[in-house]
Amino acid sequence: MLVQNNPQQAIIHYQQVVKTQPQALDAYYNLAEIYTKQNKYLEAIECYQQVLRLNPNNLKAWLELGELLIKLKQWHSAALACQQGLKLDSQQWKLYHYLGIALLHQQKYSLAIEVYAQCLKINSQEVDCYHNLGISLIAEQRWNEAIACYQQIAKYEPDNVEVYRKMGEAAMQAEQWSTASEAWSRAIEICDSDSWLHHHLGMTFLHLERWQEASKALKKSIDINPSFPWSYYHLGDALTKQQRWQESIEAYRYFLAQEANPYAYERLGDNLLKQIQLFTPAGKSIQEEACQCYYRAIEEDPDYLQPYYKLMELRPYDPEIAFMLAETYAKQEEWSTAVIFYQMGLQLKSDFPEIHFELGIVLEQLGQFDYAIAHYEKAIALNPEESKYSSYLKHAENK
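An account of the accompanying structure is given in this report. The model shown is predicted, which means the values in this text are computed figures rather than measured ones. (Residues numbered from 1 in each chain as written. Predicted model: local features only at pLDDT ≥ 70, side-chain atom pairs only at ≥ 80, totals over all residues. Heavy atoms only, no water.)

**Things to note about the overall build of the chain**
Part 1 of the argument: Each helix and strand in the chain was counted, giving 24 helices and 0 strands.
Part 2 of the argument: If one aligns the C-alpha atoms of the chain with their principal axes, the spans along those axes are about 105 × 60 × 35 Å.
Part 3 of the argument: In the chain, buried positions account for 47% of the 399 residues.
Part 4 of the argument: Look at the contacts in the chain between residues 6 or more apart in sequence, and 46% of them connect residues 24 or more apart.
Part 5 of the argument: Total accessible area on the chain stands at roughly 21,000 Å², and carbon and sulfur atoms take up 48% of it.
Part 6 of the argument: The chain carries 35 positive and 51 negative side-chain charges, and their two centres are separated by 7 Å. (Helix = DSSP H or I, 4+ residues; strand = E, 2+ residues; numbered from the N terminus. Buried < 20%, exposed > 50% of the residue type's maximum accessible area, 1.4 Å probe, protein only. Contact = heavy atoms within 4.5 Å. Areas by Shrake-Rupley, 256 points an atom, 1.4 Å probe, with all protein chains shown as cover. Lys, Arg positive; Asp, Glu negative; His and termini not counted. Charge placed at Lys NZ, Arg CZ, Asp CG, Glu CD.)

**Considerations on the packing of helix 17 (residues 262-274) against helix 18 (residues 281-300)**
Part 1 of the argument: Running from N to C, helix 17 and helix 18 point in directions that differ by 165°, and their axes come no closer than 8 Å. Taken together, helix 17 and helix 18 sit at an angle that is classed as roughly antiparallel. For helix 17 against helix 18, the interelement crossing comes out left-handed. Every residue of helix 18 that contacts helix 17 at P262, Y265, E266, L268, G269, D270, L272 and L273 is listed here: I286, Q287, E289, A290, C293, Y294, R296, A297 and E300.
Part 2 of the argument: Class assignment for the residues of the contact of helix 17 with helix 18 results in 10 nonpolar, 2 polar and 5 charged. (Axes fitted to C-alpha atoms, helices over the stretch in contact; angles between N-to-C directions. Parallel < 35°, antiparallel > 145°, perpendicular 65-115°, else oblique. Left-handed = near helix turned anticlockwise from the far one by under 90°. Nonpolar A, V, L, I, M, F, W, Y, C, P; charged D, E, K, R; others polar.)

**Describing the pattern of salt bridges**
Part 1 of the argument: Inspection of every chain in the model, using the stated rule, returns 18 salt bridges.
Part 2 of the argument: A salt bridge links R253 to E289, with the nearest nitrogen and oxygen atoms 2.4 Å apart. Here R253 is found in helix 16 (residues 245-258), whereas its partner E289 is found in helix 18, with 36 residues between them in sequence.
Part 3 of the argument: Residue D351 pairs with K349 through a salt bridge whose shortest N-O separation is 3.3 Å.
Part 4 of the argument: What makes D351 partly exposed here is its relative accessible area of 42%.
Part 5 of the argument: Here the salt bridges share partners, and the residues they tie into one network are D159, R186 and E189. (Salt bridge = Lys/Arg side-chain N within 4 Å of Asp/Glu carboxyl O.)

**Notes on helix 15 (residues 229-241)**
Part 1 of the argument: Here helix 15 is 13 residues long and its end C-alpha atoms lie 19 Å apart, about the 18 Å a rise of 1.5 Å per residue gives.
Part 2 of the argument: Of all 13 residues making up helix 15, 10 are buried, and the element is well covered by its neighbours.
Part 3 of the argument: Considered for burial, the residues of helix 15 that qualify are P229, S231, Y232, Y233, H234, L235, G236, D237, A238 and L239.
Part 4 of the argument: Check the buried side of helix 15 and you find it contacts helix 13 (195-207), helix 14 (211-224), helix 16 and helix 17.
Part 5 of the argument: Two residues or fewer after helix 15 comes Q243, characterised by a positive phi angle close to 60°. (Expected span 1.5 Å × (residues − 1).)

**Some details on the packing of helix 2 (residues 7-20) against helix 3 (residues 25-37)**
Part 1 of the argument: Two elements in contact, helix 2 and helix 3, have axes separated by 9 Å at closest approach and are oriented at 150°. Comparing their axes, helix 3 and helix 2 come out roughly antiparallel. Relative to helix 3, helix 2 is oriented so that their crossing is left-handed. Contact with helix 2, carried on its side by P7, A10, I11, Y14, Q15, V17 and V18, involves A27, Y28, N30, L31, I34 and Y35 of helix 3 and no other residues of that element.
Part 2 of the argument: Residues of the contact of helix 2 with helix 3, tallied by class, amount to 11 nonpolar, 2 polar and no charged.

**What to know about the packing of aromatic side chains**
Given two aromatic rings, one states the distance between the centres and the angle between the planes to describe the pair.
Part 1 of the argument: A complete count under the given rule lists 16 aromatic pairs for this structure.
Part 2 of the argument: Geometrically, the ring pair formed by Y29 and Y48 is edge-to-face, given 5.4 Å between the ring centres and 85° between the ring planes. Remark: Y48 occurs in helix 4 (residues 41-54) and Y29 occurs in helix 3; sequence separation between them is 19 residues.
Part 3 of the argument: Ring geometry for F323 against F352: centres 5.1 Å apart, planes inclined by 55°, an arrangement best described as tilted. (Phe/Tyr/Trp six-rings, centres within 6.5 Å; stacked < 30°, edge-to-face > 60°.)

Quick look at the structure:
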């Protein structure tokens, strides 16, 4: 009654008790409970620690101490308190739960998974434990187990959109596309206004090769959030699969207006060519635009090879393209392939001193010093003022 009617007076009372009776365990315990109710956690912790100095086998004190340390985000100390409590009673599911929280916040995910598995063996109805187990499983990239965990949570929380969101994300990582589509669809039933849910459903339908459904989901994502570029990109992919060329071109253009990307430029170029009418002014204009798309793709990622080959198909007599491709292979140390494209370009236009020089360097890498010397000499003949040509020639001649 004293505590209920006047907690401050109770604190004074119990403080006097422990001052005169330092072994008065119950007084410390009562003080700790009052301090906890007043959110004076540090004072409560000191009291529980005094209880445990007097009686290290007080299981309830370990439990209360662990909970308070969790509230103060003292994760390491909380874990130690819970472990001490579990030595006294290994069937205390709350101690496992608090220990799991402490381990989770220390990013000790593998240990947290073990702890929560044990916790749920004792109390399989505790949904918070499933939530924390799911977070740990995702952190450890144990996707199939994470899916099963969130499916279990969904039985208790069938209208929690975040449960289906995490289930869908885990299923996509596990490439379980049917499971992912079910998760995203259920999430959308709960919250139809989230563009991210529609976007992921569209992505999932793409993997399932359900092109029309993918288009519908991605268009819905765009309707809700027109500023997210990747919905346009993947919409372009879905429309391409349906041979809806003009719509796909518009989608890729919307994407590229917001974000430069080599693959989007390449796909835009590809789809432009699907519409081409040969030997017409419009056809030539479209072909030129497609070429510019491939050039932009190369600018964005010079190591991506496909746009070079597509340019060569459109401009087979342009030596610059062959030289660009040769230089790319040389940077990748694909020496033999680089030689082929250098020679191809020089067949089209042989008076490029820098190309003869670069070819000489590649030939040296292949140990073909005589051929390298010949190309260094050709470079010097075309541009005798460039000193590096002579320097490399002397170096090759000395080998």
